[in-house]
2 protein chains.
Amino acid sequence: MTILSFFTRASRAFHGYPLSSKLLLLSSLSLSGGGVVAYSESQADVSKTSDQTNEKDRKKKRVVVLGTGWAGISFLKDLDISAYDVQVVSPRNYFAFTPLLPSVTCGTVEARSIVEPVRNMMKKRNGEVRFWEAECMKIDAANKKLLCRYTVKNNSVGNDEFSLDYDYLVIAVGAQVNTFNTPGVLENSHFLKEVEDAQKIRRSVINCFEKAVLPGLSEEERRINLHFVIVGGGPTGVEFAAELHDFVKEDLVNLYPTVKDLVKITKFCRDGINVQTGCRVISLSDKEITMKLKSTGEICSLPRGLVVWSTGVETRPVVKDFMDQIGQANRRVLATDEWLKVKGCEDVYALGDCATINQRKIMEDIAAIFKAADKDNSGFLTIKEFEDVIDDILVMYPQVKHYLRTKQLRAVTDLLKDSRGNHRDEVDIEGFKLALSHVDTQVKNLPAPAQVAAQQGEYLSKCFNRMNRCEYNPEGPRHFKGSGRHQFRPFQYKHFGQFAPLGGEQAAAELPGDWVSMGRSTQWLWYSVYASKQVSWRTRVLVVSDWTRRFIFGRDSSRI
Amino acid sequence: MTILSFFTRASRAFHGYPLSSKLLLLSSLSLSGGGVVAYSESQADVSKTSDQTNEKDRKKKRVVVLGTGWAGISFLKDLDISAYDVQVVSPRNYFAFTPLLPSVTCGTVEARSIVEPVRNMMKKRNGEVRFWEAECMKIDAANKKLLCRYTVKNNSVGNDEFSLDYDYLVIAVGAQVNTFNTPGVLENSHFLKEVEDAQKIRRSVINCFEKAVLPGLSEEERRINLHFVIVGGGPTGVEFAAELHDFVKEDLVNLYPTVKDLVKITKFCRDGINVQTGCRVISLSDKEITMKLKSTGEICSLPRGLVVWSTGVETRPVVKDFMDQIGQANRRVLATDEWLKVKGCEDVYALGDCATINQRKIMEDIAAIFKAADKDNSGFLTIKEFEDVIDDILVMYPQVKHYLRTKQLRAVTDLLKDSRGNHRDEVDIEGFKLALSHVDTQVKNLPAPAQVAAQQGEYLSKCFNRMNRCEYNPEGPRHFKGSGRHQFRPFQYKHFGQFAPLGGEQAAAELPGDWVSMGRSTQWLWYSVYASKQVSWRTRVLVVSDWTRRFIFGRDSSRI
């Protein structure tokens, strides 16, 4: 009975008490202090109290969120749901902690340990969020309508399609794998984007080994079945290769001793976004991978076993169609402004992998900035006048800060120095243009999709929570072209660093301030950061226990 | 570093030390003392030392085992693999603890927690067992050859088919689901026989709920999607219904509050083996289930959501084909003798679900028994003469023991009493026949497939381990029809009881001696017995931690 009563108490503690008690109860389980946590429950609901009373009585605005990935969930976590009528549409009824997907492919972590049901997460909030497991097929921007469809094939009854009206739409549908129209890729390779993909890869890896040991195969055939090929230069591919290497060395060599020396892992790159390489995969058949050497143009084929295609992403069809409607047909990715508002469309926001912020160029606005700063209309900008607008410039044009750092300038006013490095008291418009002419080269694409998406979600929810308050008391920088101030400060990304496990209990970490760490201790740092970043206490406990289990018992090689 | 060194030590303890240390180290984790354990590692290798030295030098006999279920694995666990050249063929490279399959359907226990890779289990033995992940397509009994095929569809290279020669064949392939040729069953229902089936059911249950809450459905449509139908009267169906009921009441009502009152679980029975019911399912369409009332012959249809078909099993095609070859074409199930040897075929054994023991009838042998017992050929059997053969009779004809228990007779000699209950000193052949005439009514089919299969596997491995020794020193009962003794004692099943979880932390237990227990404590008894019966320490730890996790966090409702 003591066991029973312990469980009953433990269970009650988890189900019944408010959040703060949980944190107290379990804080000893978390490996890290949680300082880097972008996602822990302790951070939720910071800016929730605002506007609540004002809103309550009038009709709530309808917010529809598309997607339950990093961006969508992070938006929902912090949103004041008492102020809005919130609906969520996603074909997956769970959030997946994607940085651990490569670990799922080899069973270091179980698939179920890195997912958290959306309904579970919403249940804990004080208010109602309606969730629909469906895919948005069409955004009708003109009528503020969505067409959605339940896409699971089963014997259910009732219409699979339904439409939703929105006042505000938040697009956070992510992106899809880009095959670059390479022939045979869809049919003959694995992707590593969804939890199901990782599970399939796991089964297939085991199958490759089981096939390779069968009687009656030549050694060459065994080698081919154990030739694992990864196409793509991104972190996902590197991490999968590392995981696979560990799985083979730590577990499979003991279970399939006869073929342990025949395993080969090859990583091909393919030119896509930000990848420069020596060869390009041009087609994939059921038995071979064919590529072209860039230097010589030579074409060669290699027999292969399992292929994982991880080369980059492209816009989903529903977003592409939406872009056509709003005059963004020529763009590759949906563009938003600095406040994550979709350009060319009212009341629609886009964040995460499905959109990019179109960072405004300072040179395009240079005349307006000069005019706004030159208060006395003298045609010259004094240091004093420049200092008055510096803060607003830095917020609106983050590239200025990058430029200063690159040039090792200490103050923004250093920009106004003349060519010999002497201070100037004032500059005219031409001098001002010259001073800032190279700043826009520092406009950067954002790295680390998961971190960006999470921060954008959190940022946007805070904007939503203060929508009314900021309408009358705008918080943003001044309008250089018009009058007054912007309603909100623009989104700014803060980089917390990146991890890459390298296999064999080794990991590389790139931390803020260009600090790079490698080795065994980094692996444990990686474990603790990932554990602390997990989306719920449940997944946190599960992931840590998965790691412990793997350490003690090794990975499971059952083909399920 | 303390965490790291703890893990390192723990890991070394598990990987490096011999079996006895593991038992010491972890015994506090097991909830039960392990007294009922048919399967724990502590029992392995009892009869292993025999014959080892004699065998070593001459050519080893080839033993091929088909199947890695309860029967096959239990045979392999105890077999002296140094004495035989052992190969295992199975389409699943793992053993699954099937009594917990219903728990997997609702996430009370994870699929991976109830499976153990065959190669892992074999790795721990001192010797080599070769495992092939393939299906046996054809048994060629005349040439002692098997045709096997790798059945996974992937892009692997090399021939999928291969053949194996055997000296001894152990058939332990189990049985397949019997649809009784009911139209629509294959297309429109779930089975619950394999781990994959349980995983599919879990996903489908969640999908039913997700579909049922979508906008635009009528209440009637929601009801239909949440109408769960179980066809079949066996324990699997009961347990699935109980699990589903718990999942709905404990977890889903909180996550899908709008439809919680629309859920309905219906359990239909279908006449098959040992099931007597009021109606018979005659067809299944994608939307409806159609049945016939036995009493009135009336036919009616019901709309349904998910259907689980769990009505019984039938012989697999490869076994059916084998039966045709050896003159068992007219039988429904493969027949073996009491020593698990297949009738009509040399050196082939069959055990578990794919075979039944053809229990010999005492009345068929009655003349031979009388003749063998009547040593002085007097034509009369004295009590003394009867007592001399009693032990052999009890071993060869277990129905005698059942008969004595049913009739509440204390000694076998009580059988010889006359009609008024008086002892007789001797009986003639007619009197002897009369005394035993009702005994054969007590021939019983064996219950609890998993327990029977496990005990048969263990029994057969012990026979194999003593094959040589018992050739010269037979251990079995005397041949009544010939001279001498049988090589081995026949297989005898010992019933350890059965459990059935009833939902809501309740369970029913049927234990030896007709002791029946129900209630909450039985649930814990059930947990502890199942935990102790798990096939490896890994699965034992995982299952217990799954139960703990479910108790604290509830079941996961993510659709993966």
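These numbers come from a predicted model, not from an experiment. (Residues numbered from 1 in each chain as written. Chains lettered and ligands numbered in written order. Predicted model: local features only at pLDDT ≥ 70, side-chain atom pairs only at ≥ 80, totals over all residues. Heavy atoms only, no water.)

## What to know about the pattern of salt bridges
Residues and elements named next belong to chain A. Quick note on the threshold: Salt bridge criterion: a side-chain nitrogen from Lys or Arg within 4 Å of a carboxyl oxygen from Asp or Glu. Each helix corresponds to a stretch of at least 4 residues labelled H or I by DSSP, and each strand to a stretch of at least 2 residues labelled E; elements are numbered beginning at the N terminus. Burial classes follow relative accessibility: with a 1.4 Å probe on protein chains only, a residue under 20% of its type's maximum area counts as buried, one over 50% as exposed, and anything between as partly exposed.
What the rule picks out here adds up to 40 salt bridges over all chains. Here R130 ties to D85 by a salt bridge, and the two come within 2.9 Å at their closest N and O atoms. One end of the pair, R130, is in strand β5 (residues 129-133); the other, D85, is in strand β2 (residues 84-90), with 45 residues separating them in the sequence. With relative accessibility at 29%, the residue R130 sits in the partly exposed group. Across the pair D321 and K138 runs a salt bridge, and its minimum N-O distance is 3.3 Å. Pair noted here: D321 is in helix α11 (residues 317-325) and K138 is in strand β6 (residues 135-140), with a separation of 183 residues, a long-range link.

## A few points about the UniProt feature "domain: EF-hand" (unreviewed entry) in chain A
Let me state the cut-off plainly: UniProt positions are given in the numbering used here, feature names are shortened, and annotations may be inferred rather than shown by experiment.
UniProt's feature table lists "domain: EF-hand" (unreviewed entry) at residues 361-396 of chain A, given in the numbering used throughout. This span, residues 361-396 of chain A, is 61% helix and 6% strand, and a straight line between its end C-alpha atoms measures 10 Å.

## Focus: helix α16 (residues 449-465) of chain B
Put simply, the test is: By this rule, a helix spans an expected 1.5 Å times one less than how many residues it contains.
With 17 residues, α16(B) extends 24 Å between its outermost C-alpha atoms, agreeing within 8% with the 24 Å of an ideal straight helix rising 1.5 Å per residue. With 14 of 17 residues buried, α16(B) is to be regarded as a mostly interior element.

## Things to note about the nonpolar core
It is characteristic of soluble globular proteins that their nonpolar side chains tend to be buried jointly. Here is the rule we go by: Only buried residues count toward a nonpolar core, which is a set of Ala, Val, Leu, Ile, Met, Phe, Trp, Tyr and Cys residues joined through side-chain atoms within 4.5 Å. Residue contacts are counted whenever heavy atoms from the two residues lie within 4.5 Å of one another.
Formed by 106 residues in total, the largest nonpolar core has its most connected members in F209(A), F432(A) and F464(A). Every residue in contact with F432(A), bar those within four places of it in the chain, is listed here: I366(A), I369(A), F370(A), L381(A), F386(A), L416(A) and V427(A).

## Looking at the interface of chain A and chain B
Using the following cut-off: Summed over both partners, the accessible area lost on bringing two parts together, with a 1.4 Å probe, is the buried area. Identification of polar contacts relies on pairs of N or O atoms within 3.5 Å, with a donor-acceptor requirement for protein atoms, meaning one able to donate a hydrogen and the other able to accept it, and with residues adjacent in sequence counted only if both atoms are side-chain atoms. Side-chain classes are defined by residue name, with Ala, Val, Leu, Ile, Met, Phe, Trp, Tyr, Cys and Pro counting as nonpolar, Asp, Glu, Lys and Arg as charged, and the others, Gly among them, as polar.
Contact with chain A, which involves 74 residues of that partner, is made by 74 residues of chain B. Summed over both sides, the interface between chain A and chain B buries roughly 7000 Å², with carbon and sulfur atoms accounting for 61% of that surface. Counting across the chain A and chain B interface gives 19 residue pairs in polar contact (both at pLDDT 80 or more). When grouped by side-chain class, the residues that make up the side of chain A that touches chain B number 34 nonpolar, 19 polar and 21 charged.

## Focus on the pairing of β5(A)
Residue and element names in this part refer to chain A. Using the following cut-off: Think of it this way: DSSP has to see at least two bridges between two strands before they count as a pair.
Buried residues dominate β5, accounting for four of its five residues. Across five bridges, the pairing between β2 and β5 is parallel. Within β5, the position partnered with S90 by the bridge is E133.

## Focus: the environment of E387(A)
For E387(A), the location among the structural elements is in helix α13 (residues 383-396). With 327 residues separating them along the chain, E387(A) and K60(A) place their C-alpha atoms 42 Å apart.

## Re the relation of the copies chain A and chain B
Just so we agree on the cut-off: For this overlay, a least-squares fit was computed on C-alpha atoms, restricted to residues scoring pLDDT of at least 70 in both copies.
For the match of chain A to chain B, the screw axis carries a shift of 0.1 Å, the RMSD comes to 0.1 Å, and the turn is 180 degrees. A rotation of that kind, with that shift, is consistent with a two-fold axis. Using C-alpha coordinates, one finds that chain A approaches the rotation axis most closely at S545(A), a distance of 4.6 Å. Interface residue correspondence from chain A to chain B reaches 100%, placing this contact among same-surface, isologous pairings.

## Remarks on the packing of helix α8 (residues 195-212) of chain A against helix α10 (residues 235-255) of chain A
Residues and elements named next belong to chain A. Selection rule: Helix axes are fitted to C-alpha atoms over the stretch in contact, other axes to C-alpha atoms as well, and angles between N-to-C directions run from 0 to 180 degrees. Working rule for angles: under 35 degrees goes down as roughly parallel, over 145 as roughly antiparallel, 65 to 115 as roughly perpendicular, anything else as oblique. The sense of a crossing depends on the near helix, which, turned anticlockwise from the far helix by less than a right angle, makes the crossing left-handed and, turned clockwise, makes it right-handed.
α10 packs onto α8 with a crossing angle of 45 degrees between their chain directions and a minimal axis gap of 13 Å. Comparing the axis directions of α8 and α10 gives the class oblique. As α8 packs across α10, the resulting crossing turns out to be right-handed. Here I201, V205, I206 and F209 of α8 lie close against α10, whose contacting residues are F240, L244, F247, V248 and L252. Residues that form the contact of α8 with α10 fall into these classes: nine nonpolar, no polar and no charged.

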